[in-house]
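Survey of secondary and tertiary structure
Letter by letter, the chains look like this.
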Amino acid sequence: MEKYIRSDFVARVTIVKNFPNRDSSFFYKANIVIKQLFKGDSVKSILIEGSSDGKKRTSCDIYFKEGTEMLVYAQLNGSGQYTFNSCSGYCVLTNGNLRGELRELEMLDFLDKNNIKTTDKTFYGANLHDKLNTLRDIKVSKTFAIYEITFATGLHVDSVKTITGFSPELDNQLGTILKEAHWVSDRGWKNKVPPGSKLLFGFYYYPAQGKDSSFISEWDL
């Protein structure tokens, strides 16, 4: 959810042609065909941090062959072009096992159909692990849920609204966990954000596998 919120461009694309890096540029241009546009403007090319010949100059370099289908999360640069790198949260869709990716596409479809396009560059964080551990071994039919958090003064949570939930009982439990969490932010002095600031927050459900019990996480694993 966080990478969707913080990105300027989110789309399911196919790379159709790569172009050589210009001079010593850290990015190469790739022409793309957009299959599904979830956020941003419809464009025909994008800049990728890496080398067009596939050689790695730094540990952050990435390269995709022509014909690769992928889910792209990109940012606008100073020249008004969309760019992404190894930390942007891209997903390659031409691989065999797409279980997590299919859930991600389902979530993006929901956001798109409900016209949820918010972009917020503020980072919010909270340690929810211990509280979520109390929800192990539950069974739900949905794979994700989305909530809208409204902050009051000092990053205290004023309210939690269910955008799409698991079940009324579980949504109330998760709402309480979000309200009672200690939140931090990278915006301004002492984590302050303007009262009324909103955050979309996602939870993901993982069913039991073998000896591992089911669980809910704030991370899309």
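Residues numbered from 1 in each chain as written. Predicted model: local features only at pLDDT ≥ 70, side-chain atom pairs only at ≥ 80, totals over all residues. Heavy atoms only, no water.

**Describing unusual backbone geometry**
- In the Ramachandran plot, Asn-115 falls in the positive-phi region, its phi being about 55° despite a non-glycine side chain.
- You can see Asn-115 is positioned in the loop between helix H2 (99–113) and strand S7 (124–125).
- For Asp-137, which is not glycine, the phi dihedral falls at a positive 75°.
- Tracing the chain through its elements places Asp-137 in the loop between helix H3 (129–133) and strand S8 (144–151).
- For Asp-137, a relative accessible area of 58% corresponds to the exposed category. (Helix = DSSP H or I, 4+ residues; strand = E, 2+ residues; numbered from the N terminus. Buried < 20%, exposed > 50% of the residue type's maximum accessible area, 1.4 Å probe, protein only.)

**Some details on the nonpolar core**
- Core analysis: the largest hydrophobic core is formed by 42 residues, its most contacted members being Phe-151, Phe-166, Leu-174, Trp-183 and Phe-203.
- At the level of elements, helix H1 (2–6), strand S4 (69–76), H2, S8, helix H4 (168–180) and strand S11 (198–206) are the ones that each hand at least two residues to this core.
- Beyond its immediate sequence surroundings of up to four residues, Phe-166 is in contact with Val-140, Lys-142, Thr-143, Phe-144, Ala-145, Tyr-147, Asp-171, Leu-174, Phe-203, Tyr-204, Tyr-205 and Ile-216. (Core = buried A, V, L, I, M, F, W, Y, C linked by side-chain atoms within 4.5 Å. Contact = heavy atoms within 4.5 Å.)

**Some remarks on H2**
- The terminal C-alpha atoms of H2 lie 21 Å apart, and with 15 residues this matches the ideal 21 Å at 1.5 Å per residue to within 8%.
- Those residues of H2 that sit buried are Arg-103, Glu-104, Leu-105, Met-107, Leu-108 and Leu-111.
- Positive phi shows up at Asn-115, right after H2, with a value of about 55°. (Expected span 1.5 Å × (residues − 1).)

**Brief notes about H4**
- Along its 13 residues, H4 runs 18 Å from first to last C-alpha, staying within 8% of the 18 Å computed at 1.5 Å per residue.
- Buried within H4 are the following residues: Leu-170, Asp-171, Leu-174, Gly-175, Ile-177 and Leu-178. Projected onto a plane normal to the axis of H4, the buried residues spread over an arc of 160° and lie on a single side. For H4, the exposed residues set more than 90 degrees away from the buried face come down to Pro-168, Glu-169, Asn-172 and Glu-180.
- Of the surrounding elements, those touching the buried residues of H4 are H3, S8, strand S9 (157–164), S11 and strand S12 (215–217). (Arc of directions from axis to C-beta.)

**Overview of the confidence of the model for the chain**
- On average, the chain scores 91 in pLDDT, and the residues at 70 or more come to 97%.
- Across the chain, the element-wise mean pLDDT spans from 88 in strand S10 (residues 184–185) up to 97 in H4. (pLDDT = per-residue confidence, 0-100.)

**Things to note about the pattern of salt bridges**
- The tally for this structure, following the rule as stated, stands at nine salt bridges.
- Each member of the salt-bridge network shares a partner with another, and the members are Arg-12, Lys-35 and Glu-69. (Salt bridge = Lys/Arg side-chain N within 4 Å of Asp/Glu carboxyl O.)

**Remarks on the side chain of Asp-8**
- Tracing the backbone shows Asp-8 in the loop between H1 and strand S1 (9–18).
- A distance of 2.9 Å separates the side chain of Asp-8 from the backbone nitrogen of Leu-76, its partner in a polar contact.
- Polar side-chain contacts of Asp-8 include one of 3.2 Å to the side chain of Lys-121.
- Setting aside residues no more than four positions away along its own chain, Asp-8 makes contact with Lys-39, Gly-40, Ala-74, Gln-75, Leu-76, Tyr-82, Thr-119 and Lys-121. (Polar contact = N/O pair within 3.5 Å; in protein donor to acceptor, adjacent residues only side chain to side chain.)

**Comments concerning the packing of aromatic side chains**
- All chains considered together, the criterion is met by 11 aromatic pairs.
- Between Phe-64 and Phe-84, the aromatic rings sit 6.1 Å apart at their centres with planes inclined by 25°, giving stacked as the arrangement. Here the residue Phe-64 occupies a position in the loop between strand S3 (45–49) and S4, and Phe-84 occupies one in strand S5 (residues 82–84), the gap between them amounting to 20 residues. The same class applies to Phe-64 and to Phe-84, which are both buried.
- Each residue in the set Tyr-124, Tyr-147, Phe-151, Trp-183, Phe-201 and Phe-203 is aromatic and connected to the rest through ring pairs, giving one cluster. (Phe/Tyr/Trp six-rings, centres within 6.5 Å; stacked < 30°, edge-to-face > 60°.)

**What to know about the environment of Thr-176**
- With respect to the helices and strands, Thr-176 occurs in helix H4.
- A residue is classified by how much of its surface remains accessible, and Thr-176, at 38% relative accessible area, is partly exposed.
- A sequence separation of 16 residues divides Thr-176 from Val-160, and the C-alpha atoms of the two residues are 8.4 Å apart.

**Examining the sheet that holds S9**
- Here four strands make up an open sheet; going across it, the order is S9-S8-S11-S12 and the pairing antiparallel. Each edge of the open sheet carries a strand with a single partner, namely S9 and S12. Each strand axis lies, on average, 25° off the axis of its neighbour in the sheet, ignoring direction.
- Packed onto the sheet, H2 meets S8, S9 and S11 and runs at close to 50° relative to S8.
- Where H4 meets the sheet, its contacts fall on S8, S9, S11 and S12, and the angle it forms with S9 comes to roughly 145°. (Pairing = 2+ DSSP bridges. Axes fitted to C-alpha atoms, helices over the stretch in contact; angles between N-to-C directions.)

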